[in-house]
Amino acid sequence: MSSRFTLSALALATVVVVASCGSTEETPTAAAPATTAPAAAPATSAAPAPAGATLSITDPWVKTAKEGMTAAFGTLVNNSAADITVVSGTSPLSPMIELHEVVDQDGKMVMQPKQGGFVIPAGGSHELKPGGDHIMIMDAKEPVDPGAEVPFTLTFADGGTFEFTAIGKDFAGAKEDYQPGMDMGGESDNG
Ligand SMILES: [Cu+2]
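Thresholds, definitions, all that
- Residues numbered from 1 in each chain as written.
- Predicted model: local features only at pLDDT ≥ 70, side-chain atom pairs only at ≥ 80, totals over all residues.
- Heavy atoms only, no water.
- Phe/Tyr/Trp six-rings, centres within 6.5 Å; stacked < 30°, edge-to-face > 60°.
- Helix = DSSP H or I, 4+ residues; strand = E, 2+ residues; numbered from the N terminus.
- Buried < 20%, exposed > 50% of the residue type's maximum accessible area, 1.4 Å probe, protein only.
- Lys NZ or Arg CZ within 6 Å of the ring centre and 35° of its normal.
- Contact = heavy atoms within 4.5 Å.
- Donors = N, O, S within 2.8 Å, 3.2 Å for Na, K, Ca; no water.
- Tetrahedral: all angles 85-135°; square planar, octahedral: opposite > 155°, others 65-115°.

A. Seen up close, the packing of aromatic side chains. This structure, assessed with the given rule, holds four aromatic pairs. A ring pair is formed by Trp61 and Phe73, whose centres lie 4.7 Å apart and whose planes are at 35°; its orientation type is tilted. In this pair, Trp61 sits in strand β2 (residues 55-63) while Phe73 sits in strand β3 (residues 68-78), placing the two residues 12 residues apart along the sequence. Grouping residues by exposure puts Trp61 and Phe73 together as buried. Aromatic side chains Phe152 and Phe164 sit 5.4 Å apart centroid to centroid with 15° between the ring planes, which places their arrangement in the stacked category. Here the residue Phe152 occupies a position in strand β10 (residues 149-156), and Phe164 occupies one in strand β11 (residues 161-169), the gap between them amounting to 12 residues. One exposure class covers both Phe152 and Phe164, and it is buried. Joined through ring pairs, the aromatic side chains of Trp61, Phe73 and Phe171 make up one cluster. Lys169 extends its terminal NZ or CZ atom over the ring of Trp61, reaching a point 4.7 Å from the ring centre.

Okay, here's the thing in structure tokens:
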């Protein structure tokens, strides 16, 4: 009896989380297991739910830019019981999207592709922020204005995907991190 209540509460909580993010997130409708949830599923066996249905992002935004390099940020939230690894991303804004980290290289902060991608722990979150991990847009084909809506698709290690829309936002701090002249970790292209 009590386990049923727990399951119902969990299912409800999941629905609420997805609904609350509806304005910024496109939830895939494929493979929604809600209508066929087994009533007596043992709580210990964590079924491999489709990752796309269990990841969400809080406050997704992309730094405004005229063209060229910029980056997208937000907090990835894993609502599932298994780690989620994001291995790549795409956006109509640019043919070249990379997952970057910022590291201290001899006292100088440089960004570089993050080996293994972004890992969002089960039930946890992973913050993408200026000066830290970010979704790198290498070659924006059009300007990102304040308030612009930029769609992104993230792909997981298991092949699942997650789509969200980031909003264009001015950002003054850490400007040097995202300028074309920045040291890209070995690739010297100083003008
Ligand atoms: Cu970068």
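Once the structure has been displayed, the description carries forward.
B. Examining the environment of Gly89 more closely. Looking at the element boundaries, Gly89 is found in strand β4 (residues 84-90). Spatially, the C-alpha atoms of Gly89 and Ile137 are 9.7 Å apart, while their sequence positions differ by 48 residues. The contacts of Gly89, once residues within four sequence positions are left out, are Ile97, Thr153 and Leu154.

C. Representation of the coordination of the copper ion in the model. Here the copper ion is held by the protein donor atoms His100 (ND1), Met111 (SD), His134 (NE2) and Met136 (SD), which lie 2.1 to 2.2 Å from it. Around the copper ion, the four donor atoms sit at angles spanning 102 to 115°, and that spread fits a shape best called tetrahedral.

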